[in-house]
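Remarks on the overall topology
The chain contents come next:
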Amino acid sequence: MQKSVRLKSFELIAQDINSVDVSLLHALSMGVGWPHRPKDWDFLRRAGRGIVAVDGIGRVFGSAMWFPHGDDFATIGLVITSPRTQAQGNGRWLMEQVFEQCGDRNLSLNSTKAAYNLYISLGFTKEAIVYQYQGDVTPGLPPLPDLNGQLSELSNDKLHEIKALDTQAFGINRERLLALLSEGASICTLRRGDEIVGYSMCREFGRGHLVGPIVASNDQDAIHLVAVHLKDLAGQFVRIDTRETGPFAEFLQQSRLTLSETVTTMSKGRRFLNRIDGEPAVFGLAGHALG
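Now for a description of the structure that goes with this document. Since the model is a prediction, treat every value here as computed from it, not as a measurement.

1. Observations regarding the pairing of strand β9 (residues 185-192)
Summarising the sheet, strand β8 (residues 150-153) and β9 pair through four bridges and their orientation is antiparallel. From the neighbouring strand, Q150 faces β9, where its bridge partner is R191. Adjacent in sequence and paired antiparallel, β9 and strand β10 (residues 195-205) are bridged by two residues, among which G193 carries a positive phi angle near 70°.

The following block contains the structure:
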């Protein structure tokens, strides 16, 4: 695979994403209006692998990351090209480097509108729309549905209790990612009897907090699992990414979280989303790059 590419006046070389200073990655994401802080980049580099496109004096003009889950699946994210190289083939070249590293894995990603045609041309197919809700949480939440079960906090040393539930909802075992996410997160579970039927995480990200993953079997459970975090975040900025359009999404809107943008979940290889009504599903994403 071509490890360098010439784009008009630029000759770019592929380097491991861990080889550059995090401040350069932060500047790259700021240049395209993405909210990632340096500590968010540090976390993502711990969680996955990736490359950067650099010129001869070490300036970063692009990035692409992938996050393996087992030997046959990965999510792709943080595919960024600087404005100066966006129309010159930098994104396609970055994706080719990722494909080489991923091998035969099935892949999924969440595409911006600007990158959608590129991913179509690379063999990805559309599966669903992700709605990004965000804003400052106002004091006092909308009325909640009746709670069927008991909400309780889960400590980091008991993550094994949600492993099977998360695997059923996500479709692939992502135990390592959950362990990393939990390091700086508050975790809430919903129990019915002795069984955990849902959970949610909340952690610092970008401009404030991100609530996700959220796993539940129905809208009512998901609403309680997000509300338990929102009630403690009045006046603070919160982001939630969801594929839902029903009562759960309506609750987010009633909580004064605004739909800011949409992205498209796409897959290459085996279909990624296989939701079954009444069974555990991902109501809130861990992040655009993480799924």
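2. Some remarks on the environment of L44
Residue placement: L44 occurs in helix α2 (residues 38-47). In sequence terms L44 and F248 are 204 residues apart; their C-alpha atoms lie 28 Å from each other. With residues up to four places along the chain from it excluded, the contact list for L44 reads H36, M65, F67, L78 and L290.

3. As for helix α7 (residues 219-230)
Between the first and last C-alpha of α7 there are 16 Å, a value that for twelve residues agrees with the 16 Å anticipated at 1.5 Å per step. Along α7, the residues that are buried comprise D219, D221, A222, I223, H224, L225, V226, A227, V228, H229 and L230. You can read the cap of α7 off the contacts: a side-chain oxygen lies 3.1 Å from the backbone nitrogen of Q220, and it is on N218.

4. Some points on the pattern of salt bridges
When the charged atoms of two side chains with opposite charge come close together, those side chains can pair. Counted by the stated rule, this structure contains 13 salt bridges. With its nearest N and O atoms 2.3 Å apart, the salt bridge here joins R275 to E244. On the criterion of sequence distance, the pair formed by R275 in the loop between β13 (258-268) and β14 (281-284) and E244 in the loop between β12 (237-242) and α8 (247-254) is long-range, its members being 31 residues apart. Since its relative accessible area comes to 44%, R275 is described here as partly exposed. Assessed through its relative accessible area of 9%, E244 is described here as buried. Members of the salt-bridge network, linked through shared partners, are R37, D40 and E204.

5. What about the nonpolar core?
Soluble globular proteins tend to bury their nonpolar side chains together. If you look at the biggest cluster of nonpolar residues, it comprises 41 residues, and the most contacted ones within it are W41, F43, L181, Y199, M201 and L290. Look past the residues within four positions of L181 in its chain and what remains in contact with it is F43, M201, R203, P213, A286 and L290. Among the nonpolar cores identified, the runner-up in size contains 26 residues, and V137, V226, A227 and L233 belong to it.

What counts as what
- Just so you know, the residues in each chain are numbered from 1, in the order the chain's sequence is written.
- Reporting of local features is limited, given that this is a predicted model, to residues whose pLDDT is at least 70; pairs of side-chain atoms are given and counted only at 80 or more, and all residues count toward the totals for whole chains, interfaces and linings.
- Only hydrogens and water are removed before side-chain values are computed, so all heavy atoms of the structure are retained for them.
- Only strands joined by at least two bridges in the DSSP assignment are considered to pair.
- Secondary structure elements are taken from DSSP: a helix is a run of H or I of four residues or more, a strand is a run of E of two residues or more, and numbering for both begins at the N terminus.
- Contact between two residues is taken to exist if any of their heavy atoms lie within 4.5 Å; hydrogens are not considered.
- To estimate the expected span of a helix, subtract one from its residue number and multiply by 1.5 Å.
- Buried, partly exposed and exposed residues are distinguished by accessible area as a fraction of the type maximum, computed with a 1.4 Å probe on protein chains only: under 20%, between the cut-offs, and over 50%, respectively.
- N or O atoms within 3.5 Å of each other form a polar contact, as long as, within protein, one can give a hydrogen and the other can take it, and as long as residues adjacent in sequence are counted only when both atoms are side-chain atoms.
- We define a salt bridge as a side-chain nitrogen of Lys or Arg found within 4 Å of a carboxyl oxygen belonging to Asp or Glu.
- For our purposes a nonpolar core is just a set of buried Ala, Val, Leu, Ile, Met, Phe, Trp, Tyr and Cys residues, chained together by side-chain atoms within 4.5 Å.

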